[in-house]
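# Chains, contacts and geometry: an overview
For reference, the chains in residue letters:
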Amino acid sequence: MSAKKSDNTKAREICSGGGLSGKVRVPGDKSISHRALLFGAIAEGPTSIKGLLPAEDPISTASCLRAMGVNISPIRAGETVRIEGVGLDGLKEPDEILDCGNSGTTMRLLLGLLAGRKGRHFVLTGDESLRNRPMQRVGHPLQLMGAEIQGRSNGNYAPISITGQKLHGAVVGTPVASAQVKSAILLAALTAEGPTTVIEPAHSRDHSERMLKAFGANLQVGGEIGRHISVQPGERLLGQDVIVPGDISSAAFWLIAGALVPNSELTIENVGLNPTRTGILEIMNQMEVNYQVLNRRDVAGEPVGDIRVTNSGRLKAFNLSEEIMPRLIDEVPILSVAACFCDGESKITGASELRVKETDRLAVMARQLSAMGAEIQEHPDGLTIFGGRSLKGTAIDSETDHRVAMSLAIAALLAKGDSTLSRSDAAAVSYPEFWNDLGRLRK
Ligand code: S3P
């Protein structure tokens, strides 16, 4: 293991003011990193991964896979990761509990991957946050395919135990547009008897579909509203060379900081621009942020570009609703910071999924930004934020959530007066170099 677990206690002083300038390369996309590790593990032959995110969440996925006999080279920043794939049915029964740490993607995708390993038993757990996140949304559809999954509260909460079964294909409608749920079902479908079709209510991120096809799965995508993804089992997966683009969800902090912090000009290089992830750019258009996408290219099946953003003066308030939510689900915390500095009232609706992320992100952002003097109303499915008032520096807390930590860091730069951010090290879950990058860009 190469990244240290965040201790989640570290309070950090953040001075307000000062422009940000220069270039920054955000770390590899978290969703793509998990998938590259999981698909590489069950492929035949070697897989190499360049640009894998060297952060706590993908490290949790790698250590679970290692516990099931998969050889994965150490995960270190800047180094290519190599996996010796064990094939579709090669995962061994682990002699320890699989610890998914803070990572919902690890637990949900593993549920799908392991449900069909007949004759083997697995137990999954995670940290306190993950043990309180709903798993039935994955367990129920897998049970329709014949899976045997048990856990607290009727299988909804980890620790969760899986007794591997021979699964049968099914037509499964997912209750929420969740890429984690969809991907779990697709993984289970690879070794089920007969075809499986997943029907999702709206497009969630499609990294699994793209990458499974590249690894050789027989997968078809059709339909627009009520999108269908069908898998025909029986194809072997073959190891691939994967290149992971930078994570737009990590770039989001710099996009908003560059737009709002006076005298800023930032270029964020090598950002993944998969259209199922670029909702934040659509909102930046609504806000009239000054930015350009440069050097658009395709890297290993994913669109990529550099984004240059400059301080954009007064920004317009925006509305986010259910339709766009899957394309910017992880960016709502930083967008709620942005809304505090927009002219007028911004409304976020259709965002109740935020309540079951690493923390209840609607409640946490409302609480922390209110402590800084923001005027925010919290609703069951969103927030109304009255912008145009200044925030004051104060004592704030990530409440252990990585995206909250980084969002509040940007809020603290924009506030009047300095802040102290407790549990700032949570950022290491998805962006271990965040604090170093911030220091460098402020010089
Ligand atoms: C992810 C999907 C999203 C996202 C999470 C990563 C993935 O979750 O919030 O950070 O890698 O599939 P949901 O699918 O539950 O919305």
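Residues numbered from 1 in each chain as written. Predicted model: local features only at pLDDT ≥ 70, side-chain atom pairs only at ≥ 80, totals over all residues. Heavy atoms only, no water.

On to the overall build of the protein. Along the backbone of the protein there are 14 helices and 25 strands. In terms of overall dimensions, the protein is globule-like: its C-alpha atoms have a radius of gyration of 21 Å, near the 22 Å expected for 443 residues. By principal-axis analysis of the C-alpha atoms, the protein measures approximately 60 × 40 × 40 Å. Sorting the 443 residues of the protein into buried and exposed places 60% on the buried side. Within the protein, counting contacts between residues at least 6 apart in sequence, those at least 24 apart form 75% of the total. As displayed, the protein has an accessible area near 16100 Å², and 47% of this comes from carbon and sulfur atoms. (Helix = DSSP H or I, 4+ residues; strand = E, 2+ residues; numbered from the N terminus. Rg over C-alpha atoms; globule rule 2.2 N^0.38 Å. Buried < 20%, exposed > 50% of the residue type's maximum accessible area, 1.4 Å probe, protein only. Contact = heavy atoms within 4.5 Å. Areas by Shrake-Rupley, 256 points an atom, 1.4 Å probe, with all protein chains shown as cover.)

Put simply, side chains in a regular strand alternate between the two faces of the sheet. As defined by bridge partners, strand β3 (residues 44-50) adjoins strand β5 (residues 81-86) across six bridges and the pair is classed as antiparallel. Residue pairing in the sheet places S48 in a bridge with R82 of β5. Here strand β4 (residues 71-72) pairs with β5 via two bridges, running antiparallel. Bridging from a neighbouring strand, I72 pairs with I83 of β5. (Pairing = 2+ DSSP bridges.)

The local shell around the ligand consists of K30, S31, R35, T105, R108, S178, A179, Q180, R205, I329, D330 and K357. Take Q180: an N or O atom from its main chain is 3.0 Å from an oxygen atom of the ligand. Interatomic distance of 2.7 Å between a side-chain N/O atom of K357 and an oxygen atom of the ligand. Contact with the protein chains removes 95% of the 380 Å² of surface that the ligand exposes when unbound. Elements supplying a minimum of two residues to the shell around the ligand: α1 (30-42), α3 (104-114) and α6 (179-189). (Near = heavy atom within 4 Å. Polar contact = N/O pair within 3.5 Å; in protein donor to acceptor, adjacent residues only side chain to side chain.)

On to the nonpolar core, then. Counting residues in each nonpolar core, the largest one holds 78 residues, and the members touching the most others are W254, M287, L320, L369 and F434. Setting aside anything within four residues of it in sequence, one finds W254 in contact with L20, V24, V26, L266, I268, V309, I410, Y431, F434, D437, L438 and L441. Counting 66 residues, the second largest nonpolar core, distinct from the first, contains A43, A115, A170 and V244. (Core = buried A, V, L, I, M, F, W, Y, C linked by side-chain atoms within 4.5 Å.)

The strand order across the open sheet built from three strands is β1-β25-β24, with neighbouring strands paired in mixed fashion. With partners counted over all chains shown, the strands left at the sheet margins are β1 (12-14) and β24 (395-397), one partner each. Averaged over all adjacent pairs, the angle separating strand axes in this sheet is 30°, with direction ignored. Looking at chain direction, β1 and strand β25 (residues 419-422) are connected through three bridges and run antiparallel. Note that in β25 the partner of R12 across the bridge is L421. (Axes fitted to C-alpha atoms, helices over the stretch in contact; angles between N-to-C directions.)

A word on unusual backbone geometry. Here the bond from A158 into P159 is cis, since omega is 0°, no more than 30 degrees from zero. Position of P159 relative to the elements: it lies in strand β9 (residues 157-163). In the Ramachandran plot, N154 falls in the positive-phi region, its phi being about 65° despite a non-glycine side chain. Mapped onto the elements of the fold, N154 is located in helix α5 (residues 152-155). Taking relative accessible area as the criterion, N154 reaches 73% and is therefore assigned exposed. Although it is not a glycine, T400 sits at a positive phi angle of roughly 80°. When you line up the elements, T400 lands in the loop between β24 and α13 (402-414).

Taken as a whole, the protein is organised into domain 1 (3-27 + 246-441) and domain 2 (30-231). Contacts between the two partners involve 27 residues from domain 1 and, on the opposite side, 26 residues from domain 2. Summed over both partners, the interface of domain 1 with domain 2 buries about 2100 Å², with 46% contributed by carbon and sulfur atoms. On the surface where domain 1 and domain 2 come into contact, there are three salt bridges. Here E358 makes a salt bridge to R133, at a shortest N to O gap of 3.8 Å. (Domains from an automatic or database assignment. Buried area = accessible area lost by both parts, 1.4 Å probe. Salt bridge = Lys/Arg side-chain N within 4 Å of Asp/Glu carboxyl O.)

For the structure on display, the rule yields zero disulfides. We note that C64 lacks a disulfide partner, and the nearest cysteine sulfur, in C100, lies 4.3 Å from it. On the accessibility criterion, C64 (2% relative accessible area) is buried. (Disulfide = S-S within 2.5 Å.)

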